[in-house]
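Geometric and topological summary
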Amino acid sequence: MARLLLLAWISCAFAQDPALERRVVNLAHELRCLVCQNQTLADSNAPLAVDLRDQIREQLAAGKSERDVVDFMVARYGDFVLYRPPLKASTVLLWVGPFAFLIVGFYLLARFLRRRHIPEPQLSDAERARAAKLLE
C-alpha cells in the first residue's frame, strides 16, 4: 500500500514537468506495447504499457537520454519493442514478407486465370441442325 502511494506521488511530481512529459510521450510513440496488437506504448492502457511508460519517465528524470532508454528497452525486450524495427538480418522478414506474399499471390492468381480454360461446347450434327432451325 505504501509503495502504491509512493508511486502515485512520484508520478504526480513528474507530471508537473511538461518538458519531461513531452519527452516521455514522444518516446512512448516509438516503442511498441508488448501485450497489445499493433499499438504504441502511448496508445495502450494495458498495465504493462503503463509500467513501461513509468519506467521511461523514471529513466529520463534520472538524466538518461532517449537513446539510452531505447537501448535499455531493446536490450531487455529485443527489437520487437521498437515500433519501427531496424532492417537487419533478424528483421528482414518483417520488412520483405508482406511484399513477397503480395507478389506470390499475384503470380498464383495470374497462373490460375491463364490455366482456367473453358472449353467450347461440342455440338453434335443433330444439335447444330436444331440450333440452325431455331435461329431461322
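Preceding block: the structure.
Residues numbered from 1 in each chain as written. Predicted model: local features only at pLDDT ≥ 70, side-chain atom pairs only at ≥ 80, totals over all residues. Heavy atoms only, no water.

**Section: the overall build of the protein**
When helices and strands are tallied, the protein shows six helices and zero strands. Secondary structure of the protein in N-to-C order comes out as α-α-α-α-α-α. Taken across its 136 residues, the protein has 22% of its residues classed as buried. For the protein, the computed accessible surface area is about 10600 Å², with 62% contributed by carbon and sulfur atoms. (Helix = DSSP H or I, 4+ residues; strand = E, 2+ residues; numbered from the N terminus. Buried < 20%, exposed > 50% of the residue type's maximum accessible area, 1.4 Å probe, protein only. Areas by Shrake-Rupley, 256 points an atom, 1.4 Å probe, with all protein chains shown as cover.)

**Some thoughts on the nonpolar core**
Leu27, Leu31, Cys33, Leu41, Ile56, Leu60 and Met73 are the most contacted members of the largest nonpolar core, which totals 18 residues. For this core, the secondary structure elements donating two or more residues are helix H2 (18-28), helix H3 (47-61) and helix H4 (66-77). Once residues within four sequence positions are removed from consideration, Ile56 is found in contact with Val24, Leu27, Leu31, Leu41, Val69 and Met73. (Core = buried A, V, L, I, M, F, W, Y, C linked by side-chain atoms within 4.5 Å. Contact = heavy atoms within 4.5 Å.)

**Some words on H4**
An ideal rise of 1.5 Å per residue puts 16 Å on 12 residues; H4 measures up with 16 Å between its terminal C-alpha atoms. Residues Val69, Val70 and Met73 constitute the buried set of H4. Angular distribution of buried residues about the axis of H4 spans 95°; they occupy a single face of the element. Turned more than 90 degrees away from the buried face of H4 sit Arg67 and Ala75, all of them exposed. Close packing links the buried residues of H4 with H2 and H3. Backbone geometry just after H4 places Gly78 at a positive phi near 85°. (Expected span 1.5 Å × (residues − 1). Arc of directions from axis to C-beta.)

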